[in-house]
Amino acid sequence: MSAAIMRAGSLTIIGLGPGDPAMLTPQAAAALAAATDLIGYGPYLARVPARPGVVHHATDNRVELDRARHALTLAAAGRIVAVVSSGDAGVFAMASAVFEAIDHGAASWRALDVTVIPGISALLAVAARVGAPLGHDFCAISLSDNLKPWEVVEQRLTAAAGAGFVLALYNPASRARPWQIGRCFALLRAILPGSAPVIFATAVSRLDEVVTVTTLAEADPAMADMRTLVLIGSAATRVIARPGSSPWVYTPRRIAAA
Ligand code: SAH
């Protein structure tokens, strides 16, 4: 039996990493090489080199459930399907949509061979770029209110900052959501010291990468767009200034008893 026949009717959910092909794991590369059909948001699919005979199903970013159902339907028809996301597919990305579609979909989809392949999420790539800001407890929050009420975002930001977590903010801004990040800084300035480090990391690991280390007091919301991850240090996070180079940022692993 050929490998293709053995793997027919499979669906693999793949994280492509933050952008640099060197941050695509060998496991993800092997799964991409085995696929007959690739499904994902157009700009992510564009990162996968075309191969003869492989069908690219590019979709809009807002139709995750439709895309997941399409992927499951193709897999059920015997195709070797790969659903691709940037970073890690399980972090604010397609893997949840696939399982939601299975949860509410055809009973036969539960018998499919579904595999999730981890990727390097933006928060890991950004943290590595600046030092070790995630060395102690941290919290990842998406600022998008497309899928949850903004009040929930505010409650979570307030609770997480008050509890001393370093914050990794995904989806801080887009053309359709320009004000959320400014509101977030205003809220956090009432909880954290103005000296708390803030990192704006845009397009990390890509050619147009820009990383800026500033403070909560000086953080300018205009520095964030849809390709930016914003990291906000806790009161324990430290900045090591370096003459002529951008500073290192780290959070010590040990904190004193309260
Ligand atoms: N699954 C992805 C996250 C998708 S949500 C992951 O695990 O990384 C999209 C958000 O991810 C963006 O708004 C941005 O906040 C962040 N992001 C993705 N790639 C990035 C990169 N190369 N540099 C900085 N932030 C990135």
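Relevant structure appears above.
Computed from a predicted model, the values in this text were never measured in an experiment.

Enquirer: Could you clarify how one ought to interpret the site of the ligand in this entry?
Expert: Taken together, 20 residues lie near the ligand, and V91, S121, A122, M226 and T228 sit nearest. At 2.6 Å, a side-chain N or O of S121 approaches an oxygen atom of the ligand. T228 places a main-chain nitrogen or oxygen 2.7 Å from an oxygen atom of the ligand. About the coverage of the ligand: the protein hides 94% of its 540 Å² of free accessible area. Partitioned by chemical class, the residues of the shell around the ligand number 12 nonpolar, five polar and three charged.

Enquirer: What am I meant to see in the sheet that holds strand β6 (residues 131-132) here?
Expert: Strand pairing in a sheet relies on backbone hydrogen bonds. The paired strands run either parallel or antiparallel. With mixed pairing, the three strands of this open sheet are ordered in space as β6-β13-β12. A strand with exactly one partner marks an edge of an open sheet, and here the two such strands are β6 and β12 (238-242). Here β12 pairs with strand β13 (residues 245-250) via four bridges, running antiparallel. Within β13, the position partnered with V239 by the bridge is V249.

Enquirer: Even after reading the chapter, I still don't get unusual backbone geometry, so can you show me in this structure?
Expert: Negative phi characterises most residues that are not glycine, and trans characterises most peptide bonds. Look at F92: it is not a glycine, yet its phi comes out positive at around 45°. The residue F92 is located in the loop between β4 (80-85) and α5 (94-104) in this model. Residue N171 is not a glycine yet carries a positive backbone phi of 50°. Inspection of the secondary structure assignment puts N171 in the loop between β8 (166-170) and α8 (180-189).

Enquirer: What's the story with the environment of R189 in this structure? I'm lost.
Expert: Relative to the helices and strands, R189 resides in helix α8. Residues R189 and L216, 27 residues apart in the sequence, show an inter-C-alpha distance of 6.8 Å. In this view, R189 contacts L216, A217 and A219; residues no more than four positions away in its chain are not counted. Only 3.1 Å separates the side chain of R189 from the backbone oxygen of A219, close enough to count as a polar contact.

Enquirer: I tried to follow the side chain of T202 on my own but got confused; where do I start?
Expert: Note that T202 resides in strand β9 (residues 197-202). Look past the residues within four positions of T202 in its chain and what remains in contact with it is D208, E209, V210, M223, D225, R227 and T228.

About the criteria used
- Residues numbered from 1 in each chain as written.
- Predicted model: local features only at pLDDT ≥ 70, side-chain atom pairs only at ≥ 80, totals over all residues.
- Heavy atoms only, no water.
- Near = heavy atom within 4 Å.
- Polar contact = N/O pair within 3.5 Å; in protein donor to acceptor, adjacent residues only side chain to side chain.
- Areas by Shrake-Rupley, 256 points an atom, 1.4 Å probe, with all protein chains shown as cover.
- Nonpolar A, V, L, I, M, F, W, Y, C, P; charged D, E, K, R; others polar.
- Pairing = 2+ DSSP bridges.
- Helix = DSSP H or I, 4+ residues; strand = E, 2+ residues; numbered from the N terminus.
- Contact = heavy atoms within 4.5 Å.

So, to be careful, I would describe these as geometric facts and stop short of saying anything about function.
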